[in-house]
Amino acid sequence: MAALTVRALGLEFRNPVVLASGPAGFGLELAESFDLAKVGALTTKTVTLEPRSGNPQPRLVDAPCGVLNSIGLQNPGCDAFRAELLPRIRAFPTKRIVSIAGRSPEELGTLAARLSGEPGVDALEVNLSCPNVRGETVAEDPQSVRAFVHAARSASTVPLLAKLPGEGKYLDLVEAALSAGADGVALINALRGMRIHTETGLPLLDRQAGGLCGPAIFPIALQRVFEARKAFPETVIVGTGGVSDLRGALEMLCAGADLIGVGFAVMADPDAVFRLQGELDEWLTAHGISNVKELRGAAHRGGIHVR
Ligand SMILES: Cc1cc2nc3c(=O)[nH]c(=O)nc-3n(C[C@H](O)[C@H](O)[C@H](O)COP(=O)(O)O)c2cc1C
């Protein structure tokens with residue numbers, strides 16, 4: 001058996017597979033059918049200070065090799081999350097990363113302060129890259145990223161991730177997040193895309209654009225993670241975007257991810273996601289690699305060295 005444990009953010013993850021924010025919701029439905037001990041962490045759906053009802057329907061539209069989502073940060077708000085969801089999430093046999101977002105640095109700071117001391121919140125992930133909320137695409141601008149991350153950092157004591165987009169000058173945004181105190185980054189969020197109804201000639205989504213997720217974005221996410229690892233050799237990276245199978249997981253690790261975020265695949269084929277750690281173990285063992293950390297960033301170091 002290979003060692004799958006990943007030590008990152010001052011935490012010990014049982015394996016590198018992390019359920020990315022959104023598709024897994026708050027983990028409650030998944031916990032009924034799957035053993036959450038088989039993933040390294042659950043990232044919750046993004047929580048905001050006040051409840052949000054999200055965008056009008058439709059919120060999910062088919063796309064080749066993926067889906068366009070336009071959920072719009074629907075969530076019950078911080079108070080209901082703390083009172084009703086967190087006590088159940090706390091009992092999960094995996095690490096819990098709570099995703100948060102705010103309309104302003106002040107709001108984000110308030111939210112981070114309310115959640116940071118709560119038992120069961122192992123880390124916070126600041127969602128700075130939701131493509132589906134009007135006026136909140138803060139991650140296009142390093143100065144805003146710095147202000148939001150600084151606010152969350154000052155208000156919390158738990159490890160802090162910044163969830164950033166894979167568009168625009170994303171390396172500047174990574175730099176901004178790290179310099180403002182983030183302990184690592186989750187790269188990438190869904191990429192903006194759209195579809196048009198051929199009978200009406202109109203965009204299918206109310207907000208025209210939605211976030212493209214799934215295998216369609218995998219090569220883009222992989223390249224962003226590779227570039228981020230090259231530019232920031234030491235930082236923690238949760239490589240997210242289009243991973244749906246063992247091959248994708250292996251590529252993400254070789255590109256430089258410490259942890260692998262899995263989103264769309266949890267909706268498309270949850271069995272495959274919960275099988276990943278076993279497949280990873282088998283692959284490493286078959287290749288004579290005793291520890292998964294030997295793969296991290298292999299693409300930057302002359303490839304995989306099989307003994
Ligand atoms: C239905 C759906 C809801 C999502 N909701 C969130 C969210 O609340 N917060 C967030 O940071 N990312 C959210 N995402 C983005 C994912 O966490 C992930 O970054 C993105 O989908 C790319 O990974 P994937 O191709 O594995 O899905 C959502 C994605 C989907 C498909």
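Everything below is about the structure printed above this text.
Residues numbered from 1 in each chain as written. Predicted model: local features only at pLDDT ≥ 70, side-chain atom pairs only at ≥ 80, totals over all residues. Heavy atoms only, no water.

**Considerations on the environment of Val61**
Here Val61 lies in strand β5 (residues 60-63). For Val61, a relative accessible area of 8% puts it in the buried group. Separated by 217 residues in the primary sequence, Val61 and Gly278 place their C-alpha atoms 32 Å from one another. Not counting residues within four places of it along the chain, the set of residues in contact with Val61 comprises Val67, Leu68, Arg195, Leu204 and Leu205. (Helix = DSSP H or I, 4+ residues; strand = E, 2+ residues; numbered from the N terminus. Buried < 20%, exposed > 50% of the residue type's maximum accessible area, 1.4 Å probe, protein only. Contact = heavy atoms within 4.5 Å.)

**Quick notes on the packing of aromatic side chains**
Summed over all chains, the structure comprises two aromatic pairs. Ring plane angle 45 degrees and centroid distance 5.6 Å describe the contact between Phe26 and Phe81, whose orientation is recorded as tilted. Of this pair, Phe26 sits in the loop between β3 (17-19) and α1 (28-33) while Phe81 sits in helix α2 (residues 78-89), and the two are 55 residues apart along the sequence. When the centroid spacing of 4.6 Å and the interplanar angle of 15 degrees are considered together, the rings of Phe34 and Phe274 count as stacked. (Phe/Tyr/Trp six-rings, centres within 6.5 Å; stacked < 30°, edge-to-face > 60°.)

**Some words on the nonpolar core**
Membership of the largest hydrophobic core comes to 94 residues, with the highest contact counts inside it found for Leu19 and Leu164. With seven residues, the top contributor of residues to this core is helix α7 (residues 246-255). Once residues within four sequence positions are removed from consideration, Leu164 is found in contact with Leu128, Ser129, Val145, Leu173, Val174, Ala177, Val185, Ala186, Leu187, Ile188 and Asn189. (Core = buried A, V, L, I, M, F, W, Y, C linked by side-chain atoms within 4.5 Å.)

**Examining the sheet that holds β5**
Two pairing modes exist for strands in a sheet, parallel and antiparallel, and in both the strands are linked by backbone hydrogen bonds. Ordered by their spatial adjacency, four strands build an open sheet running β5-β6-β12-β11, and the pairing between neighbours is antiparallel. Two strands close off the open sheet at either side, each with one partner strand: β5 and β11 (191-193). In this sheet, neighbouring strand axes are inclined to one another by 40 degrees on average, regardless of whether the strands run parallel or antiparallel. As judged from the four bridges shared by β5 and strand β6 (residues 66-69), these two strands associate in the antiparallel manner. Bridge pairing in β6 places Ala63 opposite Gly66. (Pairing = 2+ DSSP bridges. Axes fitted to C-alpha atoms, helices over the stretch in contact; angles between N-to-C directions.)

**Here's the deal with the packing of helix α3 (residues 105-116) against helix α4 (residues 142-155)**
One can describe the packing of α3 onto α4 by two numbers: an axis separation of 8 Å at closest approach and a directional angle of 30 degrees. With respect to their mutual orientation, α3 and α4 come out roughly parallel. Seen along the crossing, α3 lies across α4 with a hand that is right-handed. Residues Pro105, Leu108, Gly109, Ala112, Ala113 and Ser116 of α3 touch α4, and the partners they reach there are Ala147, Phe148, Ala151, Ala152 and Ala155. The residue inventory of the contact of α3 with α4, partitioned by class, reads nine nonpolar, two polar and no charged. (Parallel < 35°, antiparallel > 145°, perpendicular 65-115°, else oblique. Left-handed = near helix turned anticlockwise from the far one by under 90°. Nonpolar A, V, L, I, M, F, W, Y, C, P; charged D, E, K, R; others polar.)

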